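Single-letter residue listing:
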Amino acid sequence: MPHTLEKSQSDILERLLKQGLKFQKLGQNELAHQAYSMLLEADPHQSDANYNMGLLAINSGKMEAALAFFETALEANADNAFYWVSYIDALCEIGRIEDAEAVYNQAIMNGAKGEGFDKLKHRLTSARRGSVEIGITSLEEIQQLPNILDALSLDQAIMLAKRKAKEGSPADAQNIFHDILYKFPNNRRAQYGIKALRNGSIKHASNAQEPPEDQLQAVFGLYNQGHFQQALKQAETLAQQFPVSANLCNIKGAIFKALKKFDLSVKFYKMVLDIRPNSYDTFNNIGNVFEAQGEIEKAIEAHINAIALKPDFFEAYYNLGIVFKKQGKLDKAIEAYIKCLEINPNNADALYNLGNAFQERGKLDEAIESYSKTLAIKPDFHNAYNNMGNALKKQGNVEKALDVYNKELSVNADSEHAWCNIGDLLYEQGKLQEAVEAYKKALNIWPDSAALYYNMGVVFKKQGKLDKAIEAYNKAIAIKPDYGMAHNNLSFALINSGRLKEGLEETEWRWKINNNPSEFRHFLQPKWDGKVSLKDKRVLIWSEQGIGDILRCSHLAPLISSQAKHCIFESPQKLIPLLSRSFPNIEIRPYDRSSDLERDDFDFHLPTGDLHKHFLTEITRNNRPSSFLFPDPIRIDFWKTRLRSLGSGPYVGISWKSANMGPERLQFYAPISEWAPLLTLQNITFINLQYVDCKDDLFQIEDEFGVTVHDFGDLDQYNNLADVAALCAALDCVV
């Protein structure tokens, strides 16, 4: 039992130490002092507590008290180099150089070493000389540098600051101390120097800390009007008279943030904290600067510090939510916004951003509820209408989404986003002309929108108005020349309108669109341009896109092999048996990009999609191409035998859908009910050629039409393409 009590007391002391360290880190020195004092009452010789009490004493300017704490810490643990360094530093600060040297020698004899001791030795040597030479033309040159330590050593900078303070230039001294703290945040000499300035212990420091209210308001007025340089000039003029003004440091921090000079902004906000350590607003401001700077982790830390000082500080929770969302931590962002709203339930911005986070997280019901609450508080918040409409659209609730977009227009008639979204929904509903009208209204507001012209092109193409589609795509490209999707769609519109050469040239943009299923391959060898002679050359043709595209392009491969010394055709593994039989003069290999930059087995390469561009003349000359895929005749006979076992012919293979049945592709496939004219023909034996699971469809065909579509379950129609080709060759017809 005594052991348990001893352990319990140890745990309490450890918690007090951790609590003290936490408060000290947050700048809450009084609370840290209380925690360490309670610990030392129970254990007066606890080394870390004594050491940290010494640091707190230095921050308060109580150097003699600091020395006593450091001595106790060293008596308890003489092996901690930090204790020695801080003790010697404190002796130097109060001018006890001989004592500092004696303690330094004692530390060295005790085995202390490291970079800190090397610096102490240099400092003691410099102190003995009594002065520090500044190796630069003038003080003005030094002050114009980004940081004083870019020109001076740390000790030189400290001595210069002290000299400026004694000369009656506390503002210059304070700037130097802050330059030091920017690079060395825990430098106690700089911290003490600022404390001394603030406490008025340096001669000639102004007793009046803050300028008169009317002078401050004049500076704030310039800032609020966007006259940042004028505001800065006035603030700097006032700072000469009021060097320790928290308000002036605060406005300078805001001005430098507006000027995007983020390091200077942070520097002046930290000067506010030196004067007002518990300024939660300032921590929040620092967090906002770090967020603008992209320093996300530092921003989070600053906002958390603000909340630690003021637990009901809803603005800090709100900003924390913004930062977490930027970081991609949506759950933490949601938690922060909810915390903000618990304190301030009517914060429309927090509700709106909460809705955005929910929507990005995929929680659409919660997002819609948040937007509704936003609009109940702020009915003219048009962005909330827009994003609420987007959430409803994602849910497939088209009519409600349209209603919300129209409400957005009632509060903001010039919302191009609302008209654009309405156009998108009308397009999806098949109301093409209405979609065009909506896009036109959006373009009246936003005439330089490449995306809107692109959308117009998509609608015109679907309407069959190819000339208008081409015109719209070209307008999109004129605004945004590298618009890959516009170029890609333009290529199809040109080809469909008979402008083959132009259209095929545009297909080069297929590599610059996000949804291209293939990725361009990079080799050391050049891509063939269709002009260079292939005589005595080796050529690699590599496949791209889907199986159907590869098979369609493969019939042009002999046009390459007939000119080149050797031709390699790379394709997916499942096509190799069929292509090898069909093109015996071409080396068919499996697709492999693992060593593209190391290959030396060819002189030129080209993707299959380029074949049409380079052989357009040959293609247009031959309007009736002959068969080019040749299945195994033995397998053809095998399938003919199996077909006969099903009954008499004719045997018709059918395929009615793709594996990819998204909204854009669905329009190209007839639903099963529309297959009635074919499926109700008498005396036909139908064969399934679908490679995706279609059992439900086969049951539907049988239920609706009383027709059996025979399915060879032992044939892998997705992977065994050589046998699928043999089956197709054995059929009388394929639809």
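Right above here is the structure, for reference.
This structure is a prediction, so every number in the text was calculated from the model and none was measured.

## Some thoughts on the overall build of the protein
From N to C terminus, the protein includes 39 helices and eight strands. When the 735 residues of the protein are sorted by exposure, 46% land in the buried category. Sequence-distant contacts, at least 24 apart, represent 58% of the contacts inside the protein between residues at least 6 apart.

## Quick look at the sheet that holds strand β2 (residues 566–571)
The parallel open sheet is built from four strands, whose spatial order is β3-β2-β1-β4. The open sheet has two edge strands with one neighbour each: β3 (587–590) and β4 (604–607). Strand-to-strand twist of the sheet, defined as the mean angle between neighbouring strand axes without regard to direction, takes the value 25 degrees. Pairing geometry for strand β1 (residues 538–542) and β4, over four bridges, is parallel. Across the sheet, residue Leu540 finds its bridge partner in β4, namely His605.

## Some details on the pairing of strand β5 (residues 651–654)
What you see with β5 is no split at all: Tyr651 and Gly653 on one side and Val652 and Ile654 on the other are buried throughout. Bridge count between β5 and strand β6 (residues 685–688): four bridges; the pairing is parallel. Across the sheet, Val652 pairs through a bridge with Phe686, a residue of β6. As defined by bridge partners, β5 adjoins strand β8 (residues 733–734) across two bridges and the pair is classed as parallel. Across the sheet, Val652 pairs through a bridge with Cys733, a residue of β8.

## A word on the pattern of salt bridges
As enumerated under the stated definition, the model contains 28 salt bridges in all. Residues Arg510 and Glu544 are paired through a salt bridge, measuring 2.8 Å at the closest nitrogen-oxygen approach. A residue pair is termed long-range when its members are at least 10 positions apart, and Arg510 in the loop between α29 (500–506) and β1 and Glu544 in the loop between β1 and α30 (547–554) qualify at 34 residues. Like Glu544, Arg510 is buried. Connected via shared salt-bridge partners are Arg521, Glu570, Glu587, Arg589, Asp596, Arg599 and Asp601.

## As for helix α23 (residues 398–411)
If you check α23, its first and last C-alpha atoms are 20 Å apart, about what 14 residues at 1.5 Å a residue would give, namely 20 Å. Buried residues along α23 sit against α22 (382–394) and α24 (416–428).

## Regarding the sheet that holds β5
Reading across from one edge, β7-β6-β5-β8 is the order of the four strands in this open sheet, with parallel pairing throughout. Each end of this open sheet is capped by a strand with a single partner; those strands are β7 (709–710) and β8. Helix-sheet contacts for helix α35 (residues 633–646) involve β5, β6 and β7, and the interaxial angle to β6 is about 125 degrees.

## Here's the deal with the packing of helix α2 (residues 29–42) against helix α3 (residues 47–59)
For the pair α2 and α3, interaxial distance at closest approach is 10 Å and the crossing angle is 145 degrees. Between α2 and α3 lies a crossing whose hand is left-handed. Contact residues: α2 offers Asn29, Ala32, His33, Tyr36, Ser37, Leu39 and Leu40, while α3 offers Ala49, Asn50, Asn52, Met53, Leu56 and Asn59. Taken together, the residues of the contact of α2 with α3 sort by class into seven nonpolar, six polar and no charged.

## Side note on the pairing of β3
Sheet topology places β2 next to β3; four bridges connect them, and they run parallel. Paired with Phe569 across the bridge in β3 is Ile588. Since β2 and β3 lie parallel, the crossover through helix α32 (residues 576–582) that links them has a hand, and here it is right-handed.

## Structural notes on the side chain of Ser449
Here Ser449 is to be found in the loop between α25 (432–445) and α26 (450–462). Classification of Ser449 as buried rests on a relative accessible area of 3%. With residues up to four places along the chain from it excluded, the contact list for Ser449 reads Leu443 and Ile479.

## Notes on the packing of aromatic side chains
Under the definition given, this model contains 18 aromatic pairs. Arranged with centres 4.8 Å apart and planes meeting at 35 degrees, the rings of Tyr51 and Tyr83 form a pair that is tilted. With Tyr51 in helix α3 and Tyr83 in helix α5 (residues 81–93), the pair connects residues that are 32 residues apart, well separated along the chain. When the centroid spacing of 5.2 Å and the interplanar angle of 90 degrees are considered together, the rings of Phe523 and Phe602 count as edge-to-face. A residue pair is termed long-range when its members are at least 10 positions apart, and Phe523 in the loop between α29 and β1 and Phe602 in the loop between β3 and β4 qualify at 79 residues. What makes Phe523 buried here is its relative accessible area of 10%. Connected via pairs of aromatic rings, a cluster forms that spans Tyr51, Phe70 and Tyr83. Sitting over the face of the ring of Tyr591, Arg521 holds its NZ or CZ atom 4.7 Å from the ring centroid. If you follow Lys574 out to its NZ or CZ, it ends over the ring of Tyr718, 3.5 Å from the centre.

## Quick look at α35
Taking 1.5 Å per residue as the helical rise, α35 with its 14 residues ought to reach 20 Å, and the 20 Å between its terminal C-alpha atoms agrees with that figure. Listed in full, the buried residues belonging to α35 are Ile636, Trp639 and Leu643. Seen along its axis, α35 keeps its buried residues to an arc of 65 degrees; they face one direction. The exposed set on the far side of α35, more than 90 degrees from its buried face, consists of Ile634, Arg644 and Ser645. Those residues of α35 that are buried are in contact with β5, β6 and α39 (721–730). Where α35 starts, the residue carrying a side-chain oxygen 3.0 Å from the main-chain nitrogen of Ile634 turns out to be Asp632. Residue Gly647 follows α35 closely and has a positive phi angle near 130 degrees.

Each value, and the rule that gives it
- Residues numbered from 1 in each chain as written.
- Predicted model: local features only at pLDDT ≥ 70, side-chain atom pairs only at ≥ 80, totals over all residues.
- Heavy atoms only, no water.
- Helix = DSSP H or I, 4+ residues; strand = E, 2+ residues; numbered from the N terminus.
- Buried < 20%, exposed > 50% of the residue type's maximum accessible area, 1.4 Å probe, protein only.
- Contact = heavy atoms within 4.5 Å.
- Pairing = 2+ DSSP bridges.
- Axes fitted to C-alpha atoms, helices over the stretch in contact; angles between N-to-C directions.
- Salt bridge = Lys/Arg side-chain N within 4 Å of Asp/Glu carboxyl O.
- Expected span 1.5 Å × (residues − 1).
- Left-handed = near helix turned anticlockwise from the far one by under 90°.
- Nonpolar A, V, L, I, M, F, W, Y, C, P; charged D, E, K, R; others polar.
- Right-handed = clockwise from strand over helix to strand, strands pointing away.
- Phe/Tyr/Trp six-rings, centres within 6.5 Å; stacked < 30°, edge-to-face > 60°.
- Lys NZ or Arg CZ within 6 Å of the ring centre and 35° of its normal.
- Arc of directions from axis to C-beta.
- Polar contact = N/O pair within 3.5 Å; in protein donor to acceptor, adjacent residues only side chain to side chain.

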